[in-house]
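Close look at the chain arrangement
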Amino acid sequence: MARIAWQPGLSKRLSAAGAVILLAVLAARAGVPALTSVSPGQGADDESTPLTLTGDGFEQGTRVSLLGGGPALESTYLLAEGARAVEVTGNLACVAYYSHTAKLGGIQILDVANPAAPTMLGSFETGDSGVGVAAAGGLAYVAFLNPYTFIGGMHLVDMSDPADPIRVGTFYTLQDPQSIAVEGNHVYVADSFEGLKIIDVTDPSAPFEAGRLDTPGMARDVKVAGRYAYVADGDGGFEVIDVADPAAPVLSAVLTTPGNMFTAVALAGPRAYVTDAVAGLLVIDIADPAHPVLKGRTNISDTPTGVAFAEGRVYVAAGYSGLQVVDVGDDAHPRVVGSRGLFGNSAYFFTVAVANGHAYAADLINGVQVIDVSRPSGPPLRGGLALPAEAVAVAVRGATVFVAQADTGLTAIEATDPSAMTALGALDTPGSAQGLAADGDDLFVADGPSGLLVVDAANPAAMSIAATLDTPGEAMGVAVAGGLAFVADGSRGVEVIDVNDPLHPTIVGAYDTPGSARNVAIDGSHAFVADDFRGIEILDITRPTSPTLAGKYDTPGRAMGVALKGGYAYVADLNRGVQILDVSNPAAPVLAQSLGTPGGASGVAVSGDRLFVADGFAGLMEIDIADPSHPVVTGSYDTPGSATGVTLSAGLAWVADGNGGLRVVRPNPAIPAPSLITNGTIQVTLPAGINPGVYDVQAGGTAGSTQTLPNAYVVCHDPNLTARLVPSRWPVPSSSAPSILWRLELDGDASLFQPQPQHQARLLLPVLPSVVSIQYASGREAIEIRPSSTRGSAEVRLIGADRAALMSLWESIAGQGGVNLARFDNRGYGELSLAIVPAGDPGDNAGPKGGPPRVRYEFDGDRLTAARAYGAGADFVFEVSAAAGGCGTTLRIGFAQAARAASAK
């Protein structure tokens, strides 16, 4: 792994460009009227929904778009040369940093009670570089490394007055501290090549080394739980260290992986979530710390260096790709469900802390990024398939999708059902597969240093190389038209290859472009070459044997891909977004519009009046190009990896998503122009068929200004939910109405159960009369509802010793109309002893005819353990409410019917 993220001068080298980009973005937004509200806040996916946007300064021609929601950047706390680590406790955030310009480092203490506007309360500054921080017991423990002497240590800082933090002690002789953790009277330091060091801080003014363990790798992070320390030890593996005796730590276990470049660790009960610079995020079972077991993993789109766990999800600081949110409800299949970076990849997220519904990312370029993660997931994709290597290009032939992977070659995928794709076959290519085109049964592969490959893909399960042609450069992209293959050949420009006989391809022409040819598109008699730093080269290919330069346009970024439609060229210009060129006169291309995109635009494809952009870490962007001079962003679809290529087929967008594999997007239907626009109101009708999920709402003006309200609209799809009462145990009958132990079991959409249960069940109260009296009695803890001799009234009898607790319990039950049930597991409730005593039974005593039945609820504390109902028509009704992504459903199930069915068996 490159050491770029750990070099003391990194933030200085990166901050200039990052700060310029960030300030430019902030300046562009200054003065733009705010979009203040959206009503209604949600609608169904199967019907149209009239929507009203309110704000100020709306202009005629404004278009409304829904962009993928999820984590939303709420604020940025700027530090001149970035931040290295952040720790949040209560409403305080401690930020470790160093400024090469001011020659000061240490920590700044921020008030984050209002996450939208963090303010500095105080700072502890020295000439040392703050590289890590932990807070406990009113003290901040600040790991430092002197940028001149390269001597490390740890300052202990009293934060009882955040406005005036005071150093109370210092420990020296750390080698290269990476992170620290506090447990009791000891601080545990991941000290790079020195391994784990344990410092006794019983007396903060006189800390001393209590013990150490020289780990085999480079200790990058440490967390402590109970008697064990868990260390991400770089290429040394994930290590479990017994620290019951801090003076003599003992290595208990080591887990390694093929990637084996561990960078950070977070703990949550019996699970450790560990980042690996190569393998992504690992889920490790540590129920038995001496025998850790790898349960599952998922790729992360950039180098992960920090990790935190909160409320069933894992949050990963992943370099230029920003924050990645991972659903870990299924150990074996963790999945990225949301992400957030800065515009133009202008931030480098290094570590992350999560508190109070917000993620606080230490950004090595800009400072601290505060991200609202109260709604961490955007709209789900249509489907996806993880692949063994980075996906860089994709081609579709009917229901078969072919993916080029730079390190392993080709994979053929059966995609009749995009939500359940399977790999059909693979072909290892001799070079590095970078681009491909399908033509009948043949695939043409730009295979890097190996040139052009012709692959027989008639049987996708058994692909074979039919022919090879070693081009003089490095084949990066390919397009096929009229029996000719045009290969973007890197530093050697474009090769024109006759493939009329695919078994014997022959170079018939070439043109050496001034840059490095990355991709090529054909339109009639012209080839448009994405020539990296030199922009677009337009070649006249009327005579393929001798292409000539027809025109060119030097784009401001790096031209990586190009698509053509109606006299316009759409250029993926990496961090400069998309350049739209009028090429109706190829000899004199004219810039029609420059459109910035959040990520790095690498691939483009056109369908009708829609342009789709593979936008790196930002995923897939959808742009309305009905008027190419006024493009409107109409959608964004966050993919888990780094989107580099896209093709369109059967109404779907197929995305080569880097280490995210193949991802499939079903674009939303087009949103019509608003029916009404005033200075403060926009009215528009959203069509049916929008993908369920949480969306940002954007109003885009004709001048290119945009106003966005994060996570303002939810598209609901009624979640599938079923419930049944199941007898779990049958006690020996001991009365005329023996009770059976029952469970309430649920099934339905996975989102209702993972990563945490999104449902609640309760046993409803019977309908109570208007007059209810309270009585107390001694006995086993219970609540009885008894009909009174006076029609229209009832008696509630609270039985037990603690009258105040019983009264509080009853008021809670009465207020919500039922008794909440205790969960048995993620999909069920119980067990409950339930019985109905029929009318006429000796235990009936139902009261006056027509009155409510008598009901008895028994409790263990506030947990319902048993219920009985007496009388004709008596029943128990259970209600289950469930919600996922802001959308919910409710169902009810009666006990009497379930009991009859069980008796019949």
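Conventions we followed
- Residues numbered from 1 in each chain as written.
- Predicted model: local features only at pLDDT ≥ 70, side-chain atom pairs only at ≥ 80, totals over all residues.
- Heavy atoms only, no water.
- Helix = DSSP H or I, 4+ residues; strand = E, 2+ residues; numbered from the N terminus.
- Rg over C-alpha atoms; globule rule 2.2 N^0.38 Å.
- Buried < 20%, exposed > 50% of the residue type's maximum accessible area, 1.4 Å probe, protein only.
- Contact = heavy atoms within 4.5 Å.
- Pairing = 2+ DSSP bridges.
- Axes fitted to C-alpha atoms, helices over the stretch in contact; angles between N-to-C directions.
- Core = buried A, V, L, I, M, F, W, Y, C linked by side-chain atoms within 4.5 Å.
- Salt bridge = Lys/Arg side-chain N within 4 Å of Asp/Glu carboxyl O.
- Patch = residues over 30% accessible without salt bridge, like charges linked within 9 Å, V, L, I, M, F, W, Y side chains within 5 Å.
- Areas by Shrake-Rupley, 256 points an atom, 1.4 Å probe, with all protein chains shown as cover.
- Phe/Tyr/Trp six-rings, centres within 6.5 Å; stacked < 30°, edge-to-face > 60°.
- Expected span 1.5 Å × (residues − 1).
- Arc of directions from axis to C-beta.
- Polar contact = N/O pair within 3.5 Å; in protein donor to acceptor, adjacent residues only side chain to side chain.
- pLDDT = per-residue confidence, 0-100.

Turning our attention to the overall build of the chain. Check the secondary structure of the chain and you find three helices and 77 strands. Relative to a compact globule of 905 residues, whose C-alpha radius of gyration would be 29 Å, the chain shows 32 Å and is just as compact. Seen through its principal axes, the chain has C-alpha atoms that stretch 105 × 70 × 60 Å. For the chain, the residues scored as buried account for 56% of the 905 residues in total. Excluding contacts between residues fewer than 6 apart, the proportion of contacts in the chain whose partners are at least 24 apart in sequence is 51%.

Taken together, the four strands give an open sheet; going across it, the order is 54-55-56-57, and neighbouring strands pair in antiparallel fashion. The sheet is open, and its two borders are formed by strand 54 (603–607) and strand 57 (632–637), each paired with just one other strand. The sheet shows a mean angle of 20° between the axes of neighbouring strands, taken without regard to direction. As defined by bridge partners, strand 56 (residues 620–624) adjoins strand 57 across five bridges and the pair is classed as antiparallel. Bridge assignment links Asp624 to a residue of strand 57, and that residue is Val632.

By size, the foremost hydrophobic cluster in this structure holds 42 residues, and its most contacted members are Trp742, Leu744, Leu821, Tyr857, Phe876 and Phe878. Membership of the second largest hydrophobic core comes to 20 residues, among which are Val64, Leu66, Tyr695 and Tyr713.

This next bit is on the sheet that holds strand 42 (residues 477–481). Taken in spatial order, the four strands of this open sheet run 42-43-44-45, and their pairing is antiparallel. Each edge of the open sheet is held by one strand with a lone partner, namely strand 42 and strand 45 (506–511). With strand direction ignored, the average angle separating the axes of adjacent strands in the sheet is 25°. Judged from the five bridges that link them, strand 43 (residues 484–488) and strand 44 (residues 494–498) form a sheet pairing that is antiparallel. Counterpart to Val487 in the pairing with strand 44 is Glu495.

In the case of a regular strand, side chains alternate between the two sheet surfaces. Among the six residues of strand 35 (residues 400–405), six are classified as buried, and the element is accordingly described as predominantly covered. Of the two faces of strand 35, both are covered, the one formed by Thr400, Phe402 and Ala404 as well as the one formed by Val401, Val403 and Gln405. In terms of strand pairing, strand 34 (residues 391–397) meets strand 35 through six bridges, oriented antiparallel. Looking at strand 35, one finds that Val396 is bridged to Val401. From the end of strand 34 to the start of strand 35, which pair antiparallel, there are two residues, and Gly398 there has a positive phi angle of about 65°. Across six bridges, strand 35 lies against strand 36 (residues 409–414) in antiparallel orientation. Pairing of Val403 across the sheet is with Thr411, part of strand 36. Hairpin connection, strand 35 to strand 36: the antiparallel pair is bridged by three residues.

If you walk through the whole model with that rule in mind, you get 28 salt bridges. In this structure, Arg892 engages Glu879 in a salt bridge whose closest nitrogen and oxygen atoms are separated by 2.9 Å. Taken together, the positions of Arg892 in strand 77 (residues 887–894) and Glu879 in strand 76 (residues 877–884) put the pair 13 residues apart, joining distant regions of the chain. Given a relative accessible area of 57%, Arg892 falls into the exposed group. One network of salt bridges, with partners in common, ties together Arg780, Glu784, Arg786, Arg854, Arg856 and Glu858.

Nonpolar side chains collect at one region of the surface, where Val772, Ile774 and Tyr776 lie side by side and expose about 210 Å² of accessible area between them. By secondary structure assignment, the location of Ile774 is in strand 68 (residues 771–777).

For residues other than glycine, phi is negative in most cases, and the peptide bonds are mostly trans. That bond from Ser39 to Pro40 is cis: its omega, -5°, falls within 30 degrees of zero. Counting through the fold element by element, Pro40 comes out in the loop between strand 1 (35–39) and strand 2 (42–44). That bond from Gly830 to Glu831 is cis: its omega, 5°, falls within 30 degrees of zero. Here Asp532, not a glycine, exhibits a phi torsion of approximately 55°, which is positive. One can find Asp532 in the loop between strand 47 (526–530) and strand 48 (536–540). Its identity is not glycine, yet Ala650 carries a phi of approximately 55°, on the positive side. The class of Ala650 is exposed, set by a relative accessible area of 75%.

In this section: the pairing of strand 50 (residues 561–565). Summarising the sheet, strand 50 and strand 51 (residues 568–572) pair through five bridges and their orientation is antiparallel. Within strand 51, the residue paired with Val562 across the bridge is Val571. Between the antiparallel neighbours strand 50 and strand 51 lie two residues, among them Gly566 with a positive phi of about 55°.

Mapped onto the elements of the fold, Gly830 is located in strand 73 (residues 828–837). Taking the C-alpha atoms as reference, Gly830 lies 16 Å from Thr722; in sequence the two are 108 residues apart. Apart from residues no more than four positions distant in its own chain, Gly830 is found in contact with Trp742, Ala822, Phe824 and Arg863.

A word on the packing of aromatic side chains. Two measures describe an aromatic ring pair: the distance that separates the ring centres and the angle between the ring planes. On inspection of all chains with the given rule, the structure shows seven aromatic pairs. On the numbers, 5.4 Å between centres and 5° between planes, the contact of Tyr273 with Phe309 is stacked. Remark: Phe309 occurs in strand 26 (residues 306–310) and Tyr273 occurs in strand 23 (residues 271–276); sequence separation between them is 36 residues. On the basis of relative accessibility, which here comes to 4%, the residue Tyr273 falls in the buried class. Ring geometry for Tyr320 versus Tyr348: centroids 4.8 Å apart, planes at 90°, classification edge-to-face. Pair noted here: Tyr320 is in the loop between strand 27 (313–317) and strand 28 (323–327) and Tyr348 is in the loop between strand 29 (335–340) and strand 30 (349–355), with a separation of 28 residues, a long-range link. A relative accessible area of 27% places Tyr320 in the partly exposed class.

Quick look at helix 2 (residues 803–816) now. Given a rise of 1.5 Å per residue, 14 residues ought to cover 20 Å, and the 20 Å separating the end C-alpha atoms of helix 2 matches this to within 8%. Within helix 2, burial applies to Leu806, Leu809, Trp810 and Ile813. Down the axis of helix 2, the sector holding all buried residues measures 100°, keeping them to one side. Residues of helix 2 that are exposed and point over 90 degrees away from its buried face: Ala804 and Gly815. The inward-facing, buried residues of helix 2 contact strand 68, strand 69 (782–787), strand 70 (793–799), strand 71 (818–820) and strand 74 (854–860).

Within the secondary structure, Gln108 sits in strand 8 (residues 104–111). Its relative accessible area of 9% is what places Gln108 among the buried residues. Contact partners of Gln108, with chain neighbours within four places excluded, come to Tyr77, Leu79, Ala93, Cys94, Val95, Tyr97, Met120, Gly122, Ser123 and Glu125.

So, on to the environment of Tyr97. Turning to its location among the elements, Tyr97 is positioned in strand 7 (residues 92–99). Each C-alpha atom of the pair Tyr97 and Ala83 lies 4.7 Å from the other, and the pair is 14 residues apart in sequence. Setting aside anything within four residues of it in sequence, one finds Tyr97 in contact with Leu79, Gly82, Ala83, Leu104, Gly105, Gly106, Ile107, Gln108, Glu125, Asp128, Ser129 and Gly130. Polar side-chain contacts of Tyr97 include one of 2.8 Å to the side chain of Glu125.

Put simply, the chain has an average pLDDT of 90, and 93% of its residues get 70 or more. Predicted confidence for residues 1–31 stays below pLDDT 50, and this span has 48 contacts to residues more than four positions away or in other chains. Under a pLDDT of 50 for its full length, residues 843–850 has, in the predicted model, 19 contacts with residues more than four places off or in other chains.

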